[in-house]
Amino acid sequence: MKILLTGFEPFGGESINPAKEAVKLVKDEIKGAQIVKCYVPVVFGKAIETVHEAMKKDTFDAVLLIGQAGGRYEITPERIGINCDDGRIPDNEGNQPVDQPVMADGPAAYFSTLPIKKMVEYMKAANVPAAVSNTAGTYVCNHLMYGVLYYIDKEFPNTIGGFMHVPYLHEQVMNKKETASLSKDDVVRGIEASLEAIVDSLA
Ligand code: PCA
């Protein structure tokens, strides 16, 4: 079994992205499944292209996309990606679409095809705060989630996929008042627990 695990680059003035920092430390093998890692630019269009290219190079049973959701308290598998790009801030190349579709010929939304409830259950069992989220927003993370599920729908019928947001790391909130954060170890453990849930759901 092979799983593609992706993590976003830093954006929005942060010097790190907990998604990339944690993905780097995730084990290369989980319960016999090989974990292939890919790092993704926070750029509309290029984010989807980067992961689409990685998916074409190999055959994956699952794709788990990871991004930062600063301010959230838990690690949150996303339920749904919507066909809407609406940037609150510009991306890392200055693009800031307003109310644009991700894919002009796509449906309104795609549901995650990952076992999101099982992922939450496994993360909590590993002592990591976790909850299902019902919105991935309208920025590059939702854009990537929607785009990857679009290509899964069109080209990779045997692959399951979806997105998971992670909170800030402690080091990112030293100068932010009353803002939630997790340790890097917690985020790594949460991602590994989610991968175990995915492997078990496919076994
Ligand atoms: N979080 C942003 C984009 C990249 C990331 O890590 C988001 O939630 O859209």
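The written sequence of each chain sets the order in which its residues are numbered from 1. Local features in this predicted model are restricted to residues whose pLDDT is 70 or higher, and side-chain atom pairs enter the listing and the counts only when it is 80 or higher, whereas totals over whole chains, interfaces and linings include all residues. The basis for every side-chain value is the complete set of heavy atoms in the structure, and neither hydrogens nor water enter the calculation.

## Details of the overall build of the protein
- Strands are runs of DSSP state E lasting at least 2 residues, helices are runs of H or I lasting at least 4, and numbering of each runs from the N terminus. Looking only at helices and strands, one finds five helices and eight strands in the protein.
- N-terminal to C-terminal, the α/β element order of the protein is β-α-β-β-α-β-β-β-β-α-α-β-α.
- For 203 residues, the compact-globule estimate of 2.2 N^0.38 gives 17 Å, and the C-alpha radius of gyration of the protein, at 16 Å, lies within 12% of that figure.
- Expressed as lengths along the three principal axes of its C-alpha atoms, the size of the protein is roughly 45 × 40 × 25 Å.
- Residue exposure (1.4 Å probe, protein chains only): buried if accessible area is under 20% of the type maximum, exposed if over 50%, otherwise partly exposed. When burial is assessed residue by residue, the protein has 55% of its 203 residues classed as buried. Two things to know: the radius of gyration comes from C-alpha atoms, and the globule rule equals 2.2 Å times the number of residues to the power 0.38.

## Thoughts on the pattern of salt bridges
- Definition used for salt bridges: Asp or Glu carboxyl oxygen within 4 Å of a side-chain nitrogen of Lys or Arg. Taken as a whole and judged by the stated rule, the model has 11 salt bridges.
- A salt bridge links Arg 189 to Asp 186; the nearest nitrogen and oxygen atoms lie 3.3 Å apart. Here the residue Arg 189 and the residue Asp 186 both occupy positions in helix H5 (residues 184–202), the gap between them amounting to three residues, near one helical turn.
- Judged by its relative accessible area of 18%, Asp 186 is buried.

## Observations concerning the packing of aromatic side chains
- Note on aromatic contacts: the rings of Phe and Tyr and the six-membered ring of Trp form a pair at centre separations within 6.5 Å, being stacked when their planes are under 30 degrees apart, edge-to-face when over 60 apart, and tilted otherwise. Scanning the model with the defined rule gives five aromatic pairs in all.
- Ring centres 5.8 Å apart and planes at 45° place the aromatic pair Phe 11 and Tyr 139 in the tilted group. Note that Phe 11 is positioned in the loop between strand S1 (2–8) and helix H1 (18–25) and Tyr 139 in the loop between helix H3 (116–125) and helix H4 (140–155), a separation of 128 residues in sequence. Like Tyr 139, Phe 11 is buried.
- Taken together, a centroid distance of 5.0 Å and an interplanar angle of 50° make the contact between Tyr 110 and Tyr 146 tilted. Here Tyr 146 lies in helix H4 and Tyr 110 lies in strand S7 (residues 109–111), a separation of 36 residues in the sequence.
- Accessibility expressed as a relative area gives 0% for Tyr 146, which makes it buried.
- Every member of this aromatic cluster is reached through a ring pair, and the members are Phe 11, Phe 44 and Tyr 139.
- By the criterion adopted, a ring carries a charge over it if an Arg CZ or a Lys NZ lies within 6 Å of its centre and within 35 degrees of its normal. Over the aromatic face of Tyr 39 sits the side chain of Lys 20, whose NZ or CZ is 5.4 Å from the ring centroid.

## Observations concerning the sheet that holds strand S8 (residues 160–166)
- By this definition, two strands are paired if DSSP reports at least two bridges between them. Within the open sheet, the six strands sit side by side as S2-S3-S1-S4-S8-S5. Their pairing is mixed. Of all the strands in the sheet, the pair left with one neighbour each is strand S2 (29–30) and strand S5 (76–77).
- Strand direction decides the pairing type here: S1 and strand S3 (residues 33–40), joined by seven bridges, are parallel. In the sheet register, Gly 7 faces S3, and the bridge partner there is Tyr 39.
- The contact definition used throughout considers only heavy atoms, calling two residues in contact when any of these lie within 4.5 Å. Every axis corresponds to a line fitted to the C-alpha atoms, with the helix fit spanning only the stretch in contact, and the corresponding angles, defined between N-to-C directions, vary from 0 to 180 degrees. Docked against the sheet, H4 engages S1, S3, strand S4 (62–68) and S8, running at close to 170° with respect to S8.

## Description of the site of the ligand
- Close to the ligand lie Phe 8, Phe 11, Asn 17, Val 42, Gly 67, Gln 68, Tyr 139, Val 140, Cys 141 and His 165.
- At 2.9 Å, a side-chain N or O of Asn 17 approaches an oxygen atom of the ligand.
- Distance and chemistry together define a polar contact, namely a pair of N or O atoms within 3.5 Å, with one atom able to donate a hydrogen and the other to accept it when in protein, and with adjacent residues in sequence counting only for side-chain atoms on both sides. Val 140 is positioned with one of its backbone polar atoms (N or O) 3.5 Å from an oxygen atom of the ligand.
- Using a 1.4 Å probe, the Shrake-Rupley method yields the accessible areas, and only the shown protein chains count as cover for residues. Against a free-state accessible area of 270 Å², the protein chains account for coverage of 93% of the ligand.
- Secondary-structure elements contributing two or more residues to the shell around the ligand are S4 and H4. If even one non-hydrogen atom of a residue comes within 4 Å of a molecule or strand, that residue is called near it.

## Some points on unusual backbone geometry
- A positive phi angle, near 50°, is found at Lys 31, a position not held by glycine.
- Counting through the fold element by element, Lys 31 comes out in the loop between S2 and S3.
- The backbone phi angle of Asp 99 is positive, close to 50°, even though this residue is not glycine.
- Of the residues examined, Asp 99 reaches a relative accessible area of 55% and is grouped as exposed.

## So, the pairing of S8
- Along S8, seven of the seven residues are buried, which leaves the element largely enclosed by surrounding structure.
- Sheet analysis places S4 next to S8, joined by seven bridges and oriented parallel. Along S8, the bridge assignment pairs Gln 68 with Val 166.
- Bridge analysis of S5 against S8 gives two bridges, and the strand direction is antiparallel. Paired with Thr 76 across the two strands is His 165, which belongs to S8.

These figures come from the coordinates and say nothing about function on their own.
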